[in-house]
Structure formats: C-alpha cells, structure tokens
Amino acid sequence: VGHCHPDIVKAAHEQNQLLNTNSRYLHDNLVDYAERLSKTLPEKLCIFYFLNSGSEANDLALRLARQYTQHEDVIVLDHAYHGHLTSLIDISPYKFRNLEGQKEWVHVAPVPDTYRGLYREDHENSATAYADEVKNIIEHAHERGRKIAAFFAESLPSVGGQIIPPAGYFQKVAEHVHKAGGVFIADEIQVGFGRVGKHFWAFQLQGEDFIPDIVTMGKPIGNGHPLACVATTKEIAEAFAATGVEYFNTFGGNPVSCATGLAVLDVIEKEHLQAHATEVGNFLMKILKEQQIKHPIIGDVRGCGLFIGVDLIK
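Sequence positions are assigned chain by chain, starting from 1 and proceeding in written order. Residues qualify for local features only when their pLDDT is at least 70, as the model is predicted, and side-chain atom pairs are given and counted only at 80 or more; totals for whole chains, interfaces and linings, by contrast, use all residues. Computation of side-chain values: all heavy atoms of the structure, hydrogens and water removed.

Caption draft 1: Molecular detail of the overall build of the protein chain. Helix and strand counts for the protein chain stand at 10 helices and nine strands. The reference for a compact globule is 2.2 Å times residues^0.38; the radius of gyration itself is calculated from the C-alpha atoms. Whereas a compact globule of 314 residues would reach a radius of gyration of roughly 20 Å, the protein chain reaches 20 Å, a difference of no more than 12%. Each accessible area is a Shrake-Rupley result for a 1.4 Å probe, and residues are judged covered by the shown protein chains and nothing else. Within the structure as shown, the protein chain displays about 15,000 Å² of accessible surface, and the carbon and sulfur contribution to it stands at 52%. Distance from the positive charge centre (28 side chains) to the negative charge centre (39 side chains) of the protein chain: 4 Å. Counting from the N terminus, the helices are the DSSP runs of H or I reaching at least four residues and the strands are the DSSP runs of E reaching at least two. Note that His is not counted, nor are the chain ends; the positive residues are Lys and Arg, and the negative ones are Asp and Glu. Positions of charges follow a simple convention, taking NZ of Lys, CZ of Arg, CG of Asp or CD of Glu.

Right under this line is the structure:
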C-alpha cells in the first residue's frame, strides 16, 4: 500500500504503545484480523494460523498437508521457488537444482506456460494437457509405491516467468490430486491481496468452482511488517490438532502485527487499490503491447492487474 503509509505507521505505533506480547496471550486483534481475512476467502477456508514470514507459512502448509493425508510426496511446478527454509528449498526447483538436487519425495510438473512451455497457445486444450502431466506424475509415483501429500503451486508462478496458467488448469489438477488422496496448496505470497485487480486472490482467476485446500500468504500482508498466514479447512486443521502437538509461534499473530494487518486491509479497501491495480495494469499492458509491435525483442506481454511479464527473446 506504499512506503511508510501513514495509516499503517499509526496503527502499528498506537498498538506498540499499548501492548505487544507473544501469541499465547489472547488479544482481540487476532480474532478481529482472522474475521476480516475470512471475508475475503471462500467460506470453506475458515481456520487461520499466523506466522512471521511467507517461508514459515509454506513450511506449515507442508506439515498440515502431510499430517492430514498421512502421505509424504509433493508435486511442484518447474522453476518454482517457495521459500528459504530447508523444507522449501527441497520443493523449489529454482534452488535445489543448484544445490543438492531433487529429493525422492519431490516430483516436478511442467509449468503451465502457453508461451514457452510444452503446450502453447495453439494447442486445442492446454489446461487439460498440462493437468494430464500431473496425472502421469501421480501414476508413476504410485507405481513406485509413493503417495502424494500435496500439489504445491503459486497461483500465478512468479519466479517461473510471470506465468498465467490456462483457465481450468487448477480444477483439473485438483481433481487428480484429490483422487490420489492429496491436497491442493495455493501459494499467494507474491500475488495475493488484490494485486491481480479483478480478484482479491489470484487463485480466483481460475473461476468460482475452484477452491484450494490450503492458502498461504506473506509479503504484502503487513506492508513490510513481518506477518504471514496459512488459511485452511476445519478438516485439515482438526487432523493437525489431533496429534496433540499444538502449533505455536512466539510472535506470529502478535497484537502489533494484527493491528498492522488490519490497517493494510483498511487501506486496500479505502483507497480502492484493487480497482487501481486493474486500471494501472491495463494501461501498462496497453503501452507494453504497443512497444511489442515496434521491437522484435519483445516476444510476449502477459499479465493480470499489476502482475505483468515481458518475455524478451533473441
């Protein structure tokens, strides 16, 4: 919402003057914030865990998925990056290819890129073709006695090149993953909170009939304040709680973080930042496409709201 936005600075400062404590102590801000966030999401996603960073959120999502499914393996998209913790480097091809390589429990699916990928714009049904690649991975994993815990993907792959997956891709992938007893995790850390303009969450671009099982949030959530969140269903949360090993995070969801998070949601609403992302994004896409006509080095211009990629070619 902008550098040192006065409303955000004020909210954090005022709460700082009153109380900041660890999250074992109950505070209204936590409940108020969870309630506000829940209004932006489908009803099914009604349980919230608060943390300090997107990496923490993705790590917890992995734990939730494994506990709920009692499976270990994870399917990720090629070129993906999900965070800096060891568990997340393991599911980030962007990183592990330069480090220790691919673990046995990690499966890499082709990124659903209709410009450079396996199935392109001229393909009769690229969404189904890319989803079938995931289905094949699941079948091969089963042949080797492996079981899928989760399909883990950014709603719009960012490090992979600002990719806009074809409509219907996530629905078809979710179908294959659920059939295999796994869950669908949507990483909204880079692309959530109205960045795509027409929707508050990027996974909503796929249509109302698609709802992930787990959604992770970070980056813009606190406008620079260390705050993150995992939203999930009651069923998954209950399976996680049934272990008796409670989730605890010293500062995740502390009163100052939640006051900051609430102020961010206020500013997004008050300043119509979603509509702003649509308007400015459309303008930027228009002028970039004009440049594309003039310059052969611009192969593709793609995007939604303020998530835009310019693909430069030889």
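Caption draft 2: Geometry of the packing of helix α3 (residues 54–69) against helix α8 (residues 234–241). Here α3 crosses α8 at 85°, and the two axes come no closer than 8 Å. One finds that α3 runs roughly perpendicular with respect to α8. In this structure, α3 contributes Leu60, Arg63, Leu64, Gln67 and Tyr68 to the contact, and α8 contributes Glu235, Ile236, Ala239 and Phe240. Axes here mean lines fitted to C-alpha atoms, for a helix over just the part in contact, with angles spanning 0 to 180 degrees between N-to-C directions. Note on angle classes: values under 35 degrees are labelled roughly parallel, values over 145 roughly antiparallel, values of 65 to 115 roughly perpendicular, and the remainder oblique. The contact criterion used throughout is that any non-hydrogen atoms of two residues lie within 4.5 Å.

Caption draft 3: Up close: a nonpolar patch on the surface. Patch criteria: residues need more than 30% relative accessible area and no salt bridge. Like-charged residues are merged within 9 Å; nonpolar side chains of Val, Leu, Ile, Met, Phe, Trp and Tyr are merged within 5 Å. When a carboxyl oxygen of Asp or Glu is within 4 Å of a side-chain nitrogen of Lys or Arg, the pair counts as a salt bridge. There is a patch of nonpolar side chains on the surface, built from Val280, Phe283, Leu284, Ile287 and Leu306 and spanning about 370 Å² of accessible area. By the secondary structure assignment, Val280 is in helix α10 (residues 273–294).

Caption draft 4: Inspection of the pairing of strand β3 (residues 106–109) at higher detail. Burial status follows relative accessibility: with a 1.4 Å probe on protein chains alone, a residue under 20% of its type maximum counts as buried, one over 50% as exposed, and anything between as partly exposed. Residue alternation in β3 divides its side chains into two sets, Val106 and Val108 and His107 and Ala109, and both sets are buried. When strand β2 (residues 73–77) meets β3, the two strands line up parallel, connected through four bridges. Bridged to Ile75 within β3 is His107. We treat two strands as partners when DSSP finds at least two bridges between them.

Caption draft 5: Inspection of the sheet that holds strand β5 (residues 183–187) at higher detail. Strand order in this open sheet of seven strands is β1-β7-β6-β5-β4-β2-β3, and the pairing throughout is mixed. Here the strands that pair on one side only, and so sit at the sheet edges, are β1 (47–51) and β3. Along the sheet, successive strands turn relative to each other by an average axial angle of 20°, direction set aside. Helix-sheet contacts for α3 involve β1, β2, β4 (148–154), β5, β6 (214–217) and β7 (228–232), and the interaxial angle to β6 is about 165°.

Caption draft 6: Highlighting α3. Here the expected span of a helix is defined as 1.5 Å times the quantity of residues minus one. Counted at 1.5 Å a residue, the expected span for α3 with its 16 residues is 22 Å, and the 23 Å between its end C-alpha atoms agrees. Buried within α3 we find Gly54, Ser55, Ala57, Asn58, Leu60, Ala61, Leu62, Leu64, Ala65 and Thr69.

Caption draft 7: Spatial organisation of α8. Looking only at α8, the buried set comprises Ile236, Ala237 and Phe240. For α8, the angular spread of buried residues about the axis comes to 95°, placing them on one side. When the buried face of α8 is taken as reference, the exposed residues oriented beyond 90 degrees from it are Glu238 and Ala241. Buried residues in α8 make contact with β1, α3, β5, β6 and β7. Directions drawn from the helix axis to the C-beta atoms are what define this arc.

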